[in-house]
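Tertiary structure, described
Spelled out, the chains give:
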Amino acid sequence: MNTKPLIYVIDDEPEICSLVCQELERYNFKTQAFCTGKEALLAIRKQLPSLCIIDLGLPDMDGLSLVKELFDDKKIGVIILSGRNSLPDKVLGLELGADDYIGKPFDPRELVARVNSIIRRLVVSELPETTLQTASFGDWTFEQSTLTLENNKGGSFMLSAAEAEILMILLKAPRQILSRERLLSLDATSFDRSIDVRMSRLRKKIEQDHKHPKIIKTVYGAGYIFTLEVTWQ
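First, a word on scope: everything that follows refers to the structure included in this document. (Residues numbered from 1 in each chain as written. Predicted model: local features only at pLDDT ≥ 70, side-chain atom pairs only at ≥ 80, totals over all residues. Heavy atoms only, no water.)

1. Overview of the sheet that holds strand β11 (residues 216-219)
One open sheet accounts for 3 strands, arranged β10-β12-β11; its pairing is antiparallel. Only two strands of the sheet have a single neighbouring strand rather than two, namely β10 (177-178) and β11. Running over the sheet, helix α6 (residues 161-171) touches β10, β11 and β12 (223-226) and is turned about 70° from β12. (Pairing = 2+ DSSP bridges. Helix = DSSP H or I, 4+ residues; strand = E, 2+ residues; numbered from the N terminus. Contact = heavy atoms within 4.5 Å. Axes fitted to C-alpha atoms, helices over the stretch in contact; angles between N-to-C directions.)

The following block contains the structure:
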């Protein structure tokens, strides 16, 4: 990127906002802090950030509602930073489109590492096409440059950076069993259940019956396998 990535920090605790902003700015990010979801949405309409760091306990709205709105309408990286550390909250946050979930208390250096990881994914998706970028499988086409899935019946989905990363791994190794450990090792920011959540999100998009998947199958005790032939253009 030619300019510093812009990060919005959305948290009702000024001390947290200050800590996060200071740490990110040390690593060449530009930051802006907001104490409410409404303030953040107004700012997003004026200037789109590269990534938002969102607390779930906002005073004017549920942070999960903000995550969903951002994922539905914008291509923005999202990290949830929250004291709500239960597994259901983590799973729901990822299902709604967040790229990562970090519980409080947190290590600022780990937060910066995870921000960098997501920014790198987004930058790669915006690079000019220099290699094969379009994958076709079954009724579907995946465009790597735009992170878009389209089927021949007119359906279209934009994937999150995390979903696209998992799909790319599967598309590059069709008809091979990929262990969960291997998938986790390819994304150092993932926690154990995040792979399952992302697989579930992908299945809901591409499978006719996501509860009985035929494209992305679970090989019990071994991992996952992408069953279709993949053609790259």
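2. Re the nonpolar core
Judged by nonpolar contacts, the single largest core of 26 residues is most densely connected at Phe137, Phe142, Ile216 and Phe226. Listed by contribution, the elements that provide at least two residues to this core are β6 (134-137), β7 (140-143), α6, α8 (192-206) and β12. Examining the composition of this core, we find that 7 residues originate from one element, α6, more than from any other. Not counting chain neighbours up to four residues away, the residues in contact with Phe137 comprise Phe142, Leu149, Leu171, Ile206, Phe226, Leu228, Glu229 and Val230. Counting 23 residues, the second largest nonpolar core, distinct from the first, contains Leu58, Leu96, Ala98 and Tyr101. (Core = buried A, V, L, I, M, F, W, Y, C linked by side-chain atoms within 4.5 Å. Buried < 20%, exposed > 50% of the residue type's maximum accessible area, 1.4 Å probe, protein only.)

3. Focus: the packing of aromatic side chains
Following the criterion strictly, the structure yields 3 aromatic pairs and no others. With centroids separated by 5.2 Å and ring planes inclined at 80°, the aromatic side chains of Phe137 and Phe226 adopt a geometry described as edge-to-face. Taken as a pair, Phe137 in strand β6 and Phe226 in strand β12 lie far apart in primary sequence, 89 residues in all. Phe137 gets classed as buried once you look at its relative accessible area, which sits at 1%. Judged by relative accessible area, Phe226 falls into the buried class, the value being 0%. (Phe/Tyr/Trp six-rings, centres within 6.5 Å; stacked < 30°, edge-to-face > 60°.)

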